[in-house]
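The primary structure of each chain is shown beneath.
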Amino acid sequence: MTAPPGHPIIPSPHIGSPRIGVLLVNLGTPDAPTPGAVRRYLRQFLSDPRVVEIPQIVWQPILRGIILTTRPRKSAHAYAQIWTEHGSPLAVHSAAQAQGLQARYGDTILVRHAMRYGRPALDEAMLAMREQGCERILLAPLYPQYCAATTASAIDALCDALAKMRWQPSVRTLPPYYDHPAYIEALAESVREALGSLDFAPDHLLASFHAMPLRTLELGDPYHCHCQKTARLLSEALGRPVGIAFQSRFGRAKWLGPATDAEFKRIANSGAKALAVIAPGFSADCLETLEELNIRGRHDFLAAGGERFAYIPCLNASERAIAMLKALIDRELSGWEPGKA
């Protein structure tokens, strides 16, 4: 290249071949099952205005007072019951999902994972991917059903990360996939496999989703409708009824219902002796599935008169989960040819 007279050539920084990146995002987890680590995680999580839609001037004194004083110890005890030698189950499964997809894509796509709260942080992951040459990045929030407190919050964090970059990548986001045939079939296959391995036949199959305040539905959030459709499509795929309930309520607000813990007791009191539970709103097992459902939920059902209880694991990083995620991601990467910007 020849510069015009009087205008010297300024060498550009080294720029390698452009790459395409995929960043999987899940909610987050503490770094350790200790009150201190849980307190740090909850402070970040519950300070998100998408999660708690109360004016911060009102909410922060409550959060920093009684909640962060009392809840971390209780939550740390719950985390300790499910913690593995490799760390939090959500962290382990999330890393495995990224590794599984990376193996499927090979060198053509760079796949990483991040957490909305905790580590690896979304903004740091985005910056690292950009520094590794990713000029196009697909953000994939692993929330099948859209909710402002989850999906929109992840996209908020994406925008915050982009605001810190001088050379921003082009970005796309994975839409919610609550009714995608690949997702429904993956769920149905996991249920068939799990039920086939049991030594009893459940009287009821219950789908438990994370609860949200009823106010979110009234404000137009589609989450409740997405959960209902997932359960209906799963029921049709299995050819059997699938009940629906909502777990993890907190505070005094009115929440989406029926409540999962109340449903466990109602089903047992109705005379049903065997229950199987699946959590289709979670892409990976975590505190809410392993401790709340499989430990406390099991106890509640048996204490109310039930005799057999089965928790069906999330899709996690199973082969069917990786194949399903790749199908969803391939659709969104259409037109982005690896190696070309």
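Residues numbered from 1 in each chain as written. Predicted model: local features only at pLDDT ≥ 70, side-chain atom pairs only at ≥ 80, totals over all residues. Heavy atoms only, no water.

Draft legend 1. Seen up close, the sheet that holds strand β3 (residues 134-141). Across the sheet, which stays open at both edges, the four strands sit in the order β2-β1-β3-β4 with parallel pairing between neighbours. The outermost strands of the open sheet, each flanked by one partner alone, are β2 (109-117) and β4 (170-173). Pairwise comparison of adjacent strand axes, ignoring direction, gives a mean angle of 25° for this sheet. The pairing of strand β1 (residues 19-28) with β3 spans seven bridges and is parallel. Paired with Arg 19 across the strands is Cys 134, a residue of β3. (Pairing = 2+ DSSP bridges. Helix = DSSP H or I, 4+ residues; strand = E, 2+ residues; numbered from the N terminus. Axes fitted to C-alpha atoms, helices over the stretch in contact; angles between N-to-C directions.)

Draft legend 2. Region of interest: empty space enclosed by the protein. All chains considered together, the criterion is met by two cavities of 30 Å³ or more. Approximately 110 Å³ is the volume attributed to the largest cavity. Tyr 183, Leu 187, Phe 282, Ser 283 and Leu 315 are the residues nearest the centre of the largest cavity, which is lined by 18 residues in total. Listing elements by their share of the lining of the largest cavity, those giving two or more residues are α6 (181-197) and α11 (319-332). Tallied by class, residues from the lining of the largest cavity come to 14 nonpolar, four polar and no charged. (1 Å grid on protein atoms, 1.4 Å probe; cavity = no way out; pocket = protein on both sides within 12 Å on 5 of 7 lines; lining within 4 Å. Points joined across faces, edges and corners; volume = space filled by probe spheres on them. Nonpolar A, V, L, I, M, F, W, Y, C, P; charged D, E, K, R; others polar.)

Draft legend 3. Here's a closer look at the packing of aromatic side chains. Applying the stated criterion across every chain yields a total of seven aromatic pairs. For the ring pair Tyr 177 and Tyr 183, a centre distance of 5.3 Å and an interplane angle of 90° mean the geometry is edge-to-face. With respect to burial, Tyr 177 and Tyr 183 carry one shared label: buried. One aromatic cluster is present, built from ring pairs that chain together Tyr 41, Phe 45 and Tyr 117. Against the face of Phe 250 rests Arg 71, its NZ or CZ located 4.4 Å from the ring centre. Across from the ring centre of Trp 167, 4.1 Å away, lies the NZ or CZ of Arg 130, which sits over that ring. (Phe/Tyr/Trp six-rings, centres within 6.5 Å; stacked < 30°, edge-to-face > 60°. Buried < 20%, exposed > 50% of the residue type's maximum accessible area, 1.4 Å probe, protein only. Lys NZ or Arg CZ within 6 Å of the ring centre and 35° of its normal.)

Draft legend 4. Molecular detail of the nonpolar core. Core analysis: the largest hydrophobic core is formed by 54 residues, its most contacted members being Leu 24 and Leu 333. Examining the composition of this core, we find that eight residues originate from one element, α6, more than from any other. With residues near it in sequence (within four places) discarded, Leu 24 still touches Gln 97, Ala 98, Leu 101, Val 111, Arg 112, His 113, Ala 114, Ala 140, Leu 142 and Ile 329. Formed by 36 residues, the second largest nonpolar core is a distinct cluster that contains Ala 76, Ala 114, Met 126 and Leu 158. (Core = buried A, V, L, I, M, F, W, Y, C linked by side-chain atoms within 4.5 Å. Contact = heavy atoms within 4.5 Å.)

Draft legend 5. Quick peek at the packing of α6 against helix α8 (residues 223-238). Viewed as axis vectors pointing N to C, α6 and α8 meet at an angle of 55°, and their least axial separation amounts to 9 Å. Compared by their axis directions, α6 and α8 come out oblique. Considering how the two elements wind past one another, α6 and α8 form a crossing that is right-handed. Contacts between α6 and α8 involve Tyr 183, Ile 184, Leu 187, Ala 188, Val 191 and Arg 192 from the first element and Thr 230, Leu 233, Leu 234, Ala 237 and Leu 238 from the second. Split by residue class, the contact of α6 with α8 holds nine nonpolar, one polar and one charged. (Parallel < 35°, antiparallel > 145°, perpendicular 65-115°, else oblique. Left-handed = near helix turned anticlockwise from the far one by under 90°.)

Draft legend 6. Representation of a nonpolar patch on the surface within the structure. On the surface, a nonpolar cluster with roughly 490 Å² of combined accessible area is contributed by Ile 54, Ile 57, Val 58, Ile 62 and Ile 66. Structurally, Ile 57 is set in helix α2 (residues 56-82). Given the relative accessible area of 74%, Ile 57 is considered exposed. (Patch = residues over 30% accessible without salt bridge, like charges linked within 9 Å, V, L, I, M, F, W, Y side chains within 5 Å. Areas by Shrake-Rupley, 256 points an atom, 1.4 Å probe, with all protein chains shown as cover. Salt bridge = Lys/Arg side-chain N within 4 Å of Asp/Glu carboxyl O.)

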